[in-house]
Amino acid sequence: MLIQAGIHSGEIDGKDAVLMLLRDIAMRGKDHLLDAVDLAVVPIYNADGHERMSRWNFPALRGPLEKGFVGNGRNINLNRDCAKADAPETRAMIALLRRLDPILYLDCHVSDGFDMGYDTTFTYAGWGRYAYHRTGADWLMTRFGPQVTQALQRAGHSPIIYPSPVDTREPTKGIREAPEGPRYSTGYGDFIGVPTVLIENHMLKPYRRRVLGTYVLLEAALTLAAQDRAGIVAAKRADRASRPATMLVRWKTRAEPIGWIENFKGVASETYRSPATGRV
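Attention in this report is confined to the structure presented alongside it. (Residues numbered from 1 in each chain as written. Predicted model: local features only at pLDDT ≥ 70, side-chain atom pairs only at ≥ 80, totals over all residues. Heavy atoms only, no water.)

Side-chain alternation along strand β1 (residues 2-5) places L2 and Q4 on one buried face and I3 and A5 on a second face that is also buried. Where β1 meets strand β2 (residues 40-42), three bridges bridge the pair, whose relative direction is parallel. For L2, the partnering residue across the bridge sits in β2 and is A40. In this fold, β1 hands off to helix α1 (residues 13-27), which returns the chain to β2; that crossover is right-handed. In terms of strand pairing, β1 meets strand β3 (residues 105-111) through four bridges, oriented parallel. Among the inter-strand pairings, L2 is bridged to a residue of β3, identified as Y105. (Buried < 20%, exposed > 50% of the residue type's maximum accessible area, 1.4 Å probe, protein only. Helix = DSSP H or I, 4+ residues; strand = E, 2+ residues; numbered from the N terminus. Pairing = 2+ DSSP bridges. Right-handed = clockwise from strand over helix to strand, strands pointing away.)

Written as structure tokens, this is what we have:
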């Protein structure tokens, strides 16, 4: 299993969570997590961005006090580079993925967009619905999602599949699910037939709670990967043997909703004119 954090170095929850998990595996009795599965970790993907720390990077992000920069040393957004591989960091990660060929690949982020009543959110390439490789996506949706959700709830967290708004200024327009190309790490994992999870906790949740939620999710993922390793390998084999007749390259929003979320935990919504910009 491969965990990466800090591809956007201001969104650094995953680094702290995975280092805590490694500490507990090495020193606090959780070494059994590695009895049946190997774990590889890239705690700081974007090292150059990580070292450009400032309290003015990601100013709306609620902790830590100083955060890294979104781009690398050449100001390339590494999570838009997986298909082109312009950056040496991207090429190194692709080489690592090919070398390890993990049964599960997790990418840790923090989102913006509208606030919500959930403290830990995650999703998959194309929200699972529009994944390119179907067997691995089905495992994520039927096994990974429910198991991780239960673990988070037992630990006192409130999880949900990451709700991406159609319009951040108009929450009443609803939540979107959309195809995801291979320029993103999540989409790239799907395109090469590796079950991939995107962790996207919200920037306005307290940093401590975000990190602890990520920790629980990573531990639950490691436990499940060990339990289901044979099934995941079989799913990867089936996906790579498949030859889909079509590949989605363009899409547009449907006029009618594809589904509903009952009792969504939202927060209050209001609009006002900014005295700084004059915009609503």
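Alright, that's what it looks like, and here's the rest.
Another aspect to go through is the sheet that holds strand β5 (residues 159-161). Pairing in this open sheet of six strands is mixed, and the strands run β2-β1-β3-β8-β4-β5 from one edge to the other. Looking at which strands have only one partner, the edges of the open sheet turn out to be β2 and β5. If you compare each strand with its neighbour and ignore which way they point, the axes differ by 20° on average. Bridge analysis of strand β4 (residues 120-124) against strand β8 (residues 196-202) gives three bridges, and the strand direction is antiparallel. From the neighbouring strand, F122 faces β8, where its bridge partner is I199. (Axes fitted to C-alpha atoms, helices over the stretch in contact; angles between N-to-C directions.)

One finds L104, L106, F144, V197 and L218 to be the most contacted residues of the largest nonpolar core, which totals 37 residues. For this core, the elements supplying multiple residues, two or more each, are β1, α1, β3, β4, α4 (134-154), β8 and α6 (207-227). Broken down by element, the residue count for this core peaks at twelve residues, all from α6. If near-sequence neighbours (up to four positions away) are discounted, F144 is found in contact with L104, L106, F122, Y124, W139, V197, L217, A221 and L224. Core analysis: the second largest hydrophobic core is formed by 15 residues, Y45, L78, C82 and L97 among them. (Core = buried A, V, L, I, M, F, W, Y, C linked by side-chain atoms within 4.5 Å. Contact = heavy atoms within 4.5 Å.)

Another point: the environment of H8. Along the chain, H8 turns up in the loop between β1 and α1. Taking the C-alpha atoms as reference points, H8 and P165, 157 residues apart in sequence, are found 20 Å from one another. If near-sequence neighbours (up to four positions away) are discounted, H8 is found in contact with V70, N77, N79, R80 and H109. At 2.7 Å, the side chain of H8 forms a polar contact with the side chain of N77. (Polar contact = N/O pair within 3.5 Å; in protein donor to acceptor, adjacent residues only side chain to side chain.)

Attention now moves to the side chain of D119. One can find D119 in the loop between β3 and β4. When its relative accessible area of 6% is taken as the criterion, D119 is described as buried. Here the side chain of D119 touches H157 through a polar contact of 3.3 Å, side chain to side chain. The contact partners of D119, leaving out residues within four places of it in the chain, are H157, S158, N201, K205 and R209.

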